[in-house]
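Tertiary structure, described
Listed below are the residues making up each chain.
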Amino acid sequence: MSLMGHLLPPTSKPSFTVTSHFLQNPQPTLQNSTHKPIIVPALLSLALGVTLTSPLPVLAIPSLNSQTNLAPPTTPFSQSKTLQTGLENGKIRPCPSINPACISTNPRSSSFAFPLTIPEKSSGNAIQKLQEAILETQKNPKIKILEDTPDGQYLQAEVDGGFGRDVLEFLVKGDLVSYRCMATKVTYLYPFTTALGNSKGQEERMKKITDQLGWYAPSFEAEAIDENEAMDMSRN
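In short, a report on the structure. (Residues numbered from 1 in each chain as written. Predicted model: local features only at pLDDT ≥ 70, side-chain atom pairs only at ≥ 80, totals over all residues. Heavy atoms only, no water.)

The next point concerns the overall build of the protein chain. Within the protein chain, the secondary structure is distributed over seven helices and six strands. For the protein chain, the N- to C-terminal ordering of α and β elements is α-α-α-α-β-β-α-β-β-β-β-α-α. For the protein chain, the proportion of its 236 residues judged to be buried stands at 25%. About 17,200 Å² of surface is accessible on the protein chain, with carbon and sulfur atoms providing 60% of the total. (Helix = DSSP H or I, 4+ residues; strand = E, 2+ residues; numbered from the N terminus. Buried < 20%, exposed > 50% of the residue type's maximum accessible area, 1.4 Å probe, protein only. Areas by Shrake-Rupley, 256 points an atom, 1.4 Å probe, with all protein chains shown as cover.)

Shown next, in the form of structure tokens:
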């Protein structure tokens, strides 16, 4: 036995053996200490990658720059700004419901007027005589359109009205003249949505034209008078 063997106490061998055994088997402890730090960050990276690459629901997030094609609100005032003229399916248009200063021979009009009857002596140049009567009886008249169409001869004129310019439209076909007289400016009294005016001014305008022409212009009043006269004659 060496000098070192006598100097070391008896418990030094078990202590050395235990220590050497711990050093000779470091692998399980190293594996346990290194696996957790590697797996957890990998899972976090995978979850973050899936989150960033997955498409977001576009409709769930409204965009400030997005534009919606919503129709503007329709009001009687806005409709009065776009009054349509010209023939509709080969016929004179009815009066717009938002324009009381109008008369038309179209049966769909609330302010209905009977068509004019052209006498036989004027049937050859009816459109010319109609144009002359407008120029002679109206204020600041201007003939806008005078053309032949498959549905007859169409004439459109502008004249001074009560609140602006009025439009006169005529369609001569055979021995009848259908027409529409309409104010182009509709006046409203705020905040009400009922337009001001009536059809009396247009009726007086047409009476001047028909008196100048000498053509027969039926009316509800004339029909009522004729009916009353016929009843009186039958009684006598």
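That was the structure; now back to the text.
Time to look at the pattern of salt bridges. Summed over all chains, the structure comprises seven salt bridges. One salt bridge connects Arg-205 with Asp-166, and the closest N-O pair in it is separated by 2.7 Å. Note that Arg-205 is positioned in helix 6 (residues 200-213) and Asp-166 in strand 5 (residues 165-173), a separation of 39 residues in sequence. We classify Asp-166 as buried; its relative accessible area is 4%. (Salt bridge = Lys/Arg side-chain N within 4 Å of Asp/Glu carboxyl O.)

What follows concerns the packing of aromatic side chains. Scanning all chains against the criterion turns up two aromatic pairs. Plain terms: the ring middles of Phe-112 and Phe-114 are 5.4 Å apart, the flat faces sit at 75° to each other, and that makes the pair edge-to-face. In this structure Phe-112 comes out as partly exposed when scored by relative accessible area, which is 27%. Look at Phe-114 and you get partly exposed, because its relative accessible area is 24%. (Phe/Tyr/Trp six-rings, centres within 6.5 Å; stacked < 30°, edge-to-face > 60°.)

To continue, consider the state of the cysteines. The tally for this structure, following the rule as stated, stands at one disulfide. A sulfur-sulfur separation of 2.1 Å characterises the disulfide bridge that pairs Cys-95 with Cys-102. Disulfide Cys-95-Cys-102: the torsion about the S-S bond is -80°, which places it as left-handed. For Cys-95, a relative accessible area of 12% gives the class buried. Free of any disulfide, Cys-181 has its nearest neighbouring cysteine sulfur in Cys-102, separated by 7.8 Å. (Disulfide = S-S within 2.5 Å.)

Right, let's get into the nonpolar core. One finds Leu-130, Ile-134, Phe-170, Val-177, Tyr-179, Met-206 and Ile-209 to be the most contacted residues of the largest nonpolar core, which totals 22 residues. Where this core is concerned, the elements lending two or more residues are helix 5 (126-137), strand 4 (152-160), strand 5, strand 6 (176-183) and helix 6. Ranked by residues supplied to this core, first place goes to helix 5 with five residues. (Core = buried A, V, L, I, M, F, W, Y, C linked by side-chain atoms within 4.5 Å.)

Compared with an ideal rise of 1.5 Å per residue, which puts 14 residues at 20 Å, helix 6 spans 20 Å between its outermost C-alpha atoms and is within 8% of the ideal. Among the residues of helix 6, Gln-202, Arg-205, Met-206, Ile-209, Thr-210 and Leu-213 are the ones counted as buried. One side of helix 6 holds all its buried residues, which, seen down the axis, span an arc of 130°. Facing away from the buried surface of helix 6 by more than 90 degrees, the exposed residues are Lys-200, Glu-204, Lys-207, Lys-208 and Asp-211. The inward-facing, buried residues of helix 6 contact strand 1 (102-104), strand 2 (116-117), helix 5, strand 4, strand 5 and strand 6. Following helix 6 by one or two positions, Gly-214 adopts a phi angle in the positive range, close to 80°. (Expected span 1.5 Å × (residues − 1). Arc of directions from axis to C-beta. Contact = heavy atoms within 4.5 Å.)

Once that is clear, we can look at the packing of helix 5 against helix 6. Each pair of packed helices gets described by two things: the angle between the helix axes and the distance between those axes. Here helix 5 crosses helix 6 at 125°, and the two axes come no closer than 9 Å. Looking at the two axes, helix 5 sits oblique to helix 6. Both helix 5 and helix 6 take part in a crossing whose hand is right-handed. Across from Lys-129, Leu-130, Ala-133, Ile-134, Glu-136 and Thr-137 in helix 5, the residues of helix 6 making contact are Lys-208, Ile-209, Gln-212 and Leu-213. (Axes fitted to C-alpha atoms, helices over the stretch in contact; angles between N-to-C directions. Parallel < 35°, antiparallel > 145°, perpendicular 65-115°, else oblique. Left-handed = near helix turned anticlockwise from the far one by under 90°.)

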